[in-house]
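Residues per chain, in single letters:
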Amino acid sequence: MRQDTALAENAAPQGAPDPGALVLRRLCKEYRPGVPVLKDIDLVIPGTGLTAVIGPSGTGKSTLIRCINRLVQPTSGEILYHGEDLAKLSGAALRAARRRIGMVFQEYNLVERLTVMENLLCGRLGYVPVWRAWLRKFPARDIEHAFQLLDAVGLGGFENRRADALSGGQRQRVGIARAIMQEPNIILADEPTSSLDPKTSVEIMEILSGLAAERNLPVIVNIHNVDLARRFAARIIGMTGGSVVYDGPPGGLTESHLNHIYGGESWME
Amino acid sequence: MTVVEQLNRDWQRFTPLRRLSRFAFYLCAVAALVASLRTIEIIPEFLYDAPEQMVDLVQRMVPPDWSYLKPTLDALVETLHIATVGTVFAIFMAVPIGIMGASNVTPNGPLNLLAKFIFVTSRSVNSLIWALLFVAVFGPGPLAGTFAIAFRSIGFTGKLFAEALEEADKGSIEALTAAGASRPSTFIMGYWPQVRPAFWSIALFRWDINIRESAVLGLVGAGGIGVALDTAMSLLYWDQVAVVLLAIFIVVVLAEIIVTSVRTKLI
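So, how was this worked out
- For every chain, the first residue of the written sequence is number 1, and numbering continues from 1 onward in sequence order.
- Just so you know, chain letters begin at A and ligand numbers begin at 1, following the order they were written in.
- Per-residue local features of the predicted model are confined to residues with pLDDT of at least 70, and side-chain atom pairs are confined, for both listing and counting, to 80 or more; whole-chain, interface and lining totals are unaffected and use all residues.
- Here a helix means four or more residues in a row that DSSP labels H or I, a strand means two or more in a row labelled E, and each is numbered from the N terminus.
- Atoms counted for the radius of gyration: C-alpha only. Globule rule: 2.2 Å times the number of residues to the power 0.38.
- Backbone-placed C-beta atoms define the burial measure: a residue is buried with 20 or more other C-beta atoms within 10 Å of its own, exposed with 12 or fewer, and partly exposed in between.
- Whether two residues are in contact is decided by their C-beta atoms, placed from the backbone, lying within 7 Å.
- Residue-level confidence of the predictor is summarised by pLDDT, bounded by 0 at the bottom and 100 at the top.
- A pair of strands is treated as paired once DSSP finds two or more bridges between them.
- In this description, a line fitted to the C-alpha atoms serves as the axis of each element, helices being fitted only across the stretch in contact, and the angle between N-to-C directions of two axes falls anywhere from 0 to 180 degrees.
- For classification purposes, an angle smaller than 35 degrees is called roughly parallel, one larger than 145 roughly antiparallel, one from 65 to 115 roughly perpendicular, and anything else oblique.
- Note on convention: the crossing is left-handed when the near helix lies turned anticlockwise from the far helix by less than a right angle, right-handed when the turn is clockwise.
- Each residue is assigned to one class: nonpolar for Ala, Val, Leu, Ile, Met, Phe, Trp, Tyr, Cys and Pro, charged for Asp, Glu, Lys and Arg, and polar for all the others, Gly among them.
- The span you would expect from a helix comes to 1.5 Å times its residue count less one.
- Here the bend at a residue means the angle between the axes of two seven-residue stretches, the one that ends at it and the one that starts at it.

**Q** I keep staring at the overall build of chain A and nothing clicks. Help me out?
**A** Counting its secondary structure elements, chain A contains 10 helices and 10 strands. Relative to the compact-globule value of 18 Å for 269 residues, chain A shows a C-alpha radius of gyration of 19 Å, a close match. Each principal axis of the C-alpha atoms in chain A carries an extent, and together these give about 55 × 45 × 40 Å. Burial statistics for chain A: of 269 residues in total, 41% are counted as buried. Taking the contacts inside chain A whose residues are at least 6 apart along the sequence as the reference set, 68% of them involve residues at least 24 apart.

Following this line, the structure appears as structure tokens:
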């Protein structure tokens, strides 16, 4: 049923307003004055499907994704989402916006000394008062949801394991489940497979794109691996030197585009 | 490279400048030793009969006066109470100040500085001086000793707790921030699980130190076994002094054993 709506929305004519779209306008970030990492980024990221951002290391992919949930403060520009400019939020309004944006990290960023269940419930911290977090008295609905998600990512029965006892692939499954626990409207994934072996990388991308598709959630993924990007993304954004140089479907991404993005040719042989 | 050049290659550990500065350092050290020997005015007569004095003291101590055991044990229990309650007080005060002093949890320069100022104040005053101060406030007795121990310990526990917080993994904190968690929630679910082992380790370590420190507080009238020691020494009852010293020694060793075994279980 949800899938059908997704298709219907995708089929909407170009230019029709997409209420779930994320619009970046002239987004700039300078860590040091005069040295821009992001140069006037203009992007419209649709409200459905998986969008992959590819590009060499140090080109601003992570900065771009971290500007969206304001882990990094943009220097200038607008981030329009659900009628709000995320770049201008602060305090409680920023926290309220952040809890609707799930995030998956390269190094998983779990709390190592907490159990898998506690790590999943960390995804609810934007919703529950601090005393509930302290006494671990989370609402029964959250705990039920956490059990369902553990089953969905293939970690049924792992709820009492400590996060530091898990393998990399298992940790990233917990990371994905924690992001979905937030009941987000969008998921950001910053190099979610870069610390994993090739087989596990594919599994993680399958889980991420599968869970997002079931919930009709848009996903933005930073990714090094062009093959994985081609395989899972409905749309690819190529970045180099802080600017967007390709924005379109995976089928349109040619070798000359890749040359432009990564520079040189010898690496492709 | 010719053979001659290869033969003439030389390697030395220090450059000439470093050799010179090392020589200057040793020269200064010897000069300081000579200068201090000339100013401390050792009285040779005292030095000559030191061995006899030591033997005499030990002879006066044995056999220990076991009838003094009862008052010693009572005073010992008081010392343990002073050390334990003082440590608990110290922790209650040190945790908020430690949070205030950790620059990642409290990103506010003036507050960090205020916390560091409190740590330095607490640590730079010796526990005997704190005890004198609190004897003046509360009068002689264990209450003054407890407060002396507590205030002396804030600096140590608070500083180490703040350092443990600053070493916490940034990634997991970032993840909780990204999930929209408030600062108190981030502390409870992000920082606290990471610093919990360090916290208990610091608390136990300080308790161990405080047992030793509280043993001497009685010298200035702040309660505990130090009072028993002071009384016996003033009256020159060396056989009673022996009992007190033995009791302190046994308790310190026991505390050390307890702390070590609990610590290995915690970490």
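Read on for the rest.
**Q** I would appreciate a short explanation of the overall build of chain B in the present structure.
**A** Along its length, chain B carries 12 helices and 0 strands. Ordered by position in the sequence, the α and β elements of chain B form the string α-α-α-α-α-α-α-α-α-α-α-α. A compact globule built from 267 residues would reach a C-alpha radius of gyration of about 18 Å, whereas chain B, at 27 Å, exceeds it by more than 25%. Expressed along its principal axes, the backbone C-alpha trace of chain B runs to roughly 80 × 70 × 35 Å. Residues classed as buried in chain B amount to 36% of the 267 residues present. Partitioning the contacts of chain B with sequence separation of at least 6, the portion at a separation of at least 24 is 74%.

**Q** Help me understand unusual backbone geometry, please; the structure alone is not making it clear to me.
**A** Glycine aside, negative phi is the norm for most residues, and most peptide bonds take the trans geometry. A cis amide bond, omega -10°, links Val62 of chain B with the succeeding residue Pro63 of chain B. Relative to the assigned elements, Pro63 of chain B resides in the loop between helix H4 (50-61) and helix H5 (69-101). Of note in this structure, Tyr108 of chain A is not a glycine but carries a positive phi near 65°. Considering the arrangement of structural elements, one finds Tyr108 of chain A in the loop between strand E6 (101-104) and helix H4 (116-121).

**Q** What should I look at first to understand the confidence of the model for chain A in this one?
**A** The predicted coordinates should not be examined in detail at positions where pLDDT is low. On average, chain A scores 89 in pLDDT, and the residues at 70 or more come to 91%. Of the regions scoring below 50 in pLDDT, residues 1-14 of chain A engages in 7 contacts with residues more than four places distant in sequence or in other chains.

**Q** Is there a simple way to think about the pairing of strand E10 (residues 243-248) of chain A in this case?
**A** Look at any regular strand and the pattern is simple: side chains alternate between the two faces of the sheet. All names here are of chain A. Bridge count for strand E9 (residues 235-240) against E10 is 5 bridges, and the pairing is antiparallel. Among the inter-strand pairings, Gly238 is bridged to a residue of E10, identified as Tyr246. Between E9 and E10, which pair antiparallel and follow one another directly, the connecting turn spans 2 residues, one of which, Gly241, has a positive phi of 55°.

**Q** Even after reading the chapter, I still don't get the sheet that holds strand E8 (residues 219-222) of chain A, so can you show me in this structure?
**A** Two orientations exist for strands paired in a sheet by backbone hydrogen bonds: parallel and antiparallel. Residue and element names in this part refer to chain A. The strand order across the open sheet formed by 6 strands is E6-E7-E8-E3-E9-E10, and the pairing between neighbours is mixed. With partners counted over all chains shown, the strands left at the sheet margins are E6 and E10, one partner each. Taken over all neighbouring pairs, the strand axes of this sheet differ in orientation by 20° on average, direction set aside. With 4 bridges connecting them, strand E3 (residues 50-54) and E9 associate as parallel partners. Residue Thr51 lies in a different strand from E9, and its bridge partner there is Arg235.

**Q** Explanation requested: the packing of helix H11 (residues 225-234) of chain B against helix H12 (residues 238-266) of chain B in the structure shown.
**A** Think of two packed helices as two axes; the pair is described by the angle between the axes and how far apart they sit. Residues and elements named next belong to chain B. The interhelical angle for the contact between H11 and H12, taken along N-to-C directions, is 155°, at an axis separation of 8 Å. In terms of axis orientation, H11 runs roughly antiparallel to H12. Viewed along their axes, H11 and H12 form a crossing whose handedness is left-handed. Where H11 abuts H12, its residues Ile225, Ala228, Leu229, Ala232 and Met233 lie against Gln240, Val241, Val244, Ala247 and Ile248.

**Q** Help me out: how do you make sense of the confidence of the model for chain B in this one?
**A** For chain B, the mean per-residue pLDDT works out to 91, and 99% of the residues sit at or above 70. Predicted as a complex, the structure gets a pTM of 0.83 and an ipTM equal to 0.88.

**Q** Is there a simple way to explain the interface of chain A and chain B in this structure?
**A** In many reports, interface size means the accessible area that the parts give up when they come together. In this assembly, 22 residues from chain A lie in contact with 18 residues from chain B. Put simply, the parts of the chain that give the side of chain A that touches chain B at least two residues each are helix H3 (91-98) and helix H5 (130-135) of chain A. When its residues are assigned to classes, the side of chain A that touches chain B shows 12 nonpolar, 5 polar and 5 charged.

**Q** In this structure, what is going on with the sheet that holds strand E2 (residues 35-45) of chain A? I would like to understand it.
**A** Residues and elements named next belong to chain A. Strand order in the open sheet made by the 4 strands is E2-E1-E4-E5, with antiparallel pairing throughout. The open sheet has two edge strands, E2 and strand E5 (84-85), and neither has a second partner. Two strands pair when backbone bridges link them, and strand E4 (residues 76-81) and E5 are joined in this way by 2 bridges, in the antiparallel orientation. Residue pairing for E5: Tyr81 is matched across the bridge by Glu84.

**Q** What exactly am I supposed to notice about H5 of chain B here?
**A** For an α-helix the count is 3.6 residues per turn, leaving residues at separations of three or four pointing the same way. Helix length check: H5 of chain B, at 33 residues, gives a terminal C-alpha distance of 45 Å against a target of 48 Å (1.5 Å per residue), a fit within 8%. At Ala94 of chain B, H5 of chain B shows its strongest bend, of approximately 30°, with the proline Pro96 of chain B following within four residues.

**Q** What is the right way to read the environment of Leu24 of chain A from this model?
**A** Residues and elements named next belong to chain A. Looking at the secondary structure, you find Leu24 in strand E1 (residues 22-32). Along the sequence, Leu24 and Asp85 sit 61 residues apart, while their C-alpha atoms lie 9.5 Å from each other. Those residues within four positions of Leu24 in sequence are excluded, and the remaining contacts are Ile41, Asp42, Leu43, Gly77 and Ile79.

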